[in-house]
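So the chains spell out like this:
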Amino acid sequence: MGKGRAEMSLAELEATLAWLERNRIADHLQVLEGDARYGWSVRQRRFDFRSGP
């Protein structure tokens, strides 16, 4: 995670996002509960992972 976003590959960005979700968002879930935008993005990511290559 020492690179800037413009220098990272898609896989690196996704790994960084996954790390942040596990280690940072969990600290603030009470704020995110009921937030439609967060719920939408979670559903989109779940769908993207299921569709796969």
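Each value, and the rule that gives it
- What you see as residue numbers is a count from 1 along each chain, following the sequence as written.
- This being a predicted model, a pLDDT of at least 70 is required before a residue's local features are given, and a value of 80 or more before pairs of side-chain atoms are given or counted; all residues contribute to the totals for chains, interfaces and linings.
- Side-chain metrics rest on all non-hydrogen atoms present in the structure, leaving aside hydrogens and water.
- Starting at the N terminus, helices and strands are each numbered in turn, a helix being any DSSP run of H or I of at least four residues and a strand any DSSP run of E of at least two.
- Each residue is placed in one exposure class: buried if its accessible area under a 1.4 Å probe, protein chains only, is under 20% of its type's maximum, exposed if it is over 50%, and partly exposed if it falls in between.
- Methods summary: accessible areas were calculated by the Shrake-Rupley approach with a probe of 1.4 Å, and residue burial reflects only the protein chains presented.
- Scored from 0 to 100, pLDDT reflects the predictor's confidence in each residue.

Participant: When you look at the overall build of the protein chain in this model, what are you seeing that I'm missing?
Facilitator: Summing up its helical and strand segments, the protein chain has three helices and zero strands in all. Taken from the N to the C terminus, the helices and strands of the protein chain come in the order α-α-α. Residues counted as buried form 9% of the 53 residues belonging to the protein chain. Surface exposure of the protein chain reaches about 4800 Å², of which carbon and sulfur atoms provide 57%.

Participant: Looking at this model, I keep getting lost on the confidence of the model for the protein chain. Mind explaining?
Facilitator: Close inspection of predicted coordinates is inappropriate in any region flagged by low pLDDT. Averaged over all residues, the pLDDT of the protein chain is 76; the fraction at 70 or higher stands at 85%. The weakest mean pLDDT in the protein chain belongs to helix H2 (residues 29-32) at 72; the strongest belongs to helix H1 (residues 10-23) at 82.

Participant: What should I look at first to understand the environment of Arg45 in this one?
Facilitator: Considering the arrangement of structural elements, one finds Arg45 in helix H3 (residues 36-51). With relative accessibility at 21%, the residue Arg45 sits in the partly exposed group.

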